[in-house]
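What follows is the residue order along each chain.
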Amino acid sequence: MKLEPRLHEGRTAGSKKRDSVVPAGASNFAMERSLTGDLPTLDTLGRDLLHVPWARRAVSLVMPFLLTGGFFVFGVRAVAHPWWWVPAALCPVALSFLTYASTSHDLVHRNLRIPMPLNEALLCAVELLAFRSGHAYRAVHMNHHSHFPEEGDLEGAAAGMSLPRALLEGLTLQYRLWWFALKRPGAHRPWVVAEGAGAVLLLLACVAAWPWSRLPALYAALMVAGSWVYPIATAYIVHDPRGADELHYTRLFRGRVLQFLALEHLFHLEHHLYPQVPHQNWPELAHRLDPYFQSKGLRPIKLFF
């Protein structure tokens, strides 16, 4: 049975949260709420927030592969002209940001409204570009939505750590995410096994290519190192496990400076409240939610202005 995306679902005291793995064939995952029932419905905010023009979807899906190719194209040129290392190095940086924060994230939530087999194949392929398991990412991320700030939330655990401890968290996080997903039953497990094996084989291939070219090993090193910052970016900065309720578990960010630095991706609170809205529409979602946040007395964090 196909599950339709829903805004939020009330939860009575003492009721248990569901398992976090997305049911096979679901178009999205209805997140349970511990918040009051006055959150604006998606019908009130506008269901146009669910739609992304096909051209923007295509760009989002193609960009990770273009950035991967760009690293090697620029890297080959850098052998003769060292200044080409600048755009070459920027490609993995952008890829690390765009995969986990936008493209892979939308594929995890199945927000792009593309055929299910294509969505799953792209989730696998895009995350393998970074030597990660896309379906392990989904299992852990859905668990994060359902269970933060509980102890069993592996993705959000860094929010309650000191900064040095959160920095160390990233060194082994991807391996623990994979193991977390592997231990959970569900249709995702064959994907997780295959993606884990694929990531290891790709890393070995990059090392084996060293006598002929150092570019693959350098690319692998940059992508693995890029994954180490995720606990800081996705948990420590944006979450507050000491918050009183769901409106305060995740920090509210505003301001042009932060929007520029985060490439309009720093809308984590809005995403937690409306996980079915694709990342391209987060700025508009935030704009429509501002009156509600103001009525609740939420003060956004800004950097200068």
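Since the model is a prediction, treat every value here as computed from it, not as a measurement.

Rules and cut-offs
Residues numbered from 1 in each chain as written. Predicted model: local features only at pLDDT ≥ 70, side-chain atom pairs only at ≥ 80, totals over all residues. Heavy atoms only, no water. Helix = DSSP H or I, 4+ residues; strand = E, 2+ residues; numbered from the N terminus. Buried < 20%, exposed > 50% of the residue type's maximum accessible area, 1.4 Å probe, protein only. Polar contact = N/O pair within 3.5 Å; in protein donor to acceptor, adjacent residues only side chain to side chain. Contact = heavy atoms within 4.5 Å. Axes fitted to C-alpha atoms, helices over the stretch in contact; angles between N-to-C directions. Parallel < 35°, antiparallel > 145°, perpendicular 65-115°, else oblique. Nonpolar A, V, L, I, M, F, W, Y, C, P; charged D, E, K, R; others polar. Salt bridge = Lys/Arg side-chain N within 4 Å of Asp/Glu carboxyl O. pLDDT = per-residue confidence, 0-100.

**A look at the overall build of the protein chain**
Okay, step 1: Across its full length, the protein chain carries 13 helices and zero strands.
Okay, step 2: Mapped in sequence order, the helices and strands of the protein chain form the string α-α-α-α-α-α-α-α-α-α-α-α-α.

**Some remarks on the side chain of histidine 141**
Okay, step 1: The residue histidine 141 is located in helix α5 (residues 134-147) in this model.
Okay, step 2: Residue classification places histidine 141 among the buried positions, given a relative accessible area of 1%.
Okay, step 3: Among the polar contacts listed, one links the side chain of histidine 141 to the side chain of histidine 109, at a separation of 3.0 Å.
Okay, step 4: Apart from the residues within four sequence positions on either side, histidine 141 is in contact with His105, Val108, His109, Glu155 and His271.

**As for the packing of α5 against helix α7 (residues 189-208)**
Angle between the axes and distance between the axes: these two values describe a pair of packed helices.
Okay, step 1: Running from amino to carboxyl end, α5 crosses α7 at an angle of 130°, the nearest separation of the two axes being 7 Å. Viewed along their axes, α5 and α7 adopt a mutual orientation that is oblique. On α7, the residues touching Gly134, His135 and Ala136 of α5 are Trp191, Val192 and Glu195.
Okay, step 2: Its residues placed into classes, the contact of α5 with α7 shows three nonpolar, two polar and one charged.

**Things to note about the pattern of salt bridges**
Okay, step 1: Under the criterion given, the structure shown has twelve salt bridges.
Okay, step 2: Here aspartate 240 ties to arginine 242 by a salt bridge, and the two come within 3.4 Å at their closest N and O atoms.
Okay, step 3: Under the relative-accessibility criterion, arginine 242 is labelled exposed at 62%.
Okay, step 4: Across the pair arginine 288 and glutamate 284 runs a salt bridge whose closest N-O atoms are separated by 2.8 Å. Linking arginine 288 with glutamate 284, this pair stays in helix α13 (residues 282-295), spanning four residues, or about one helical turn.
Okay, step 5: When its relative accessible area of 24% is taken as the criterion, arginine 288 is described as partly exposed.
Okay, step 6: Overall, the relative accessible area of 35% leaves glutamate 284 in the partly exposed class.
Okay, step 7: The structure contains a network of salt bridges with shared partners spanning Asp48, Glu284 and Arg288.

**A closer look at the confidence of the model for the protein chain**
Okay, step 1: Averaged over every residue, the pLDDT of the protein chain is 87; residues scoring 70 or more account for 88%.
Okay, step 2: In this model residues 1-36 is a low-confidence stretch, pLDDT under 50, and it forms 93 contacts with partners more than four residues away in sequence or in other chains.

**Some words on the environment of histidine 268**
Okay, step 1: Topologically, histidine 268 is positioned in helix α12 (residues 268-273).
Okay, step 2: When the C-alpha atoms of histidine 268 and alanine 286 are compared, they prove to be 9.9 Å apart, with 18 residues separating the residues in sequence.
Okay, step 3: Discounting chain neighbours no more than four positions away, the residues touching histidine 268 are His144, Thr234, Val238, His239 and Thr250.

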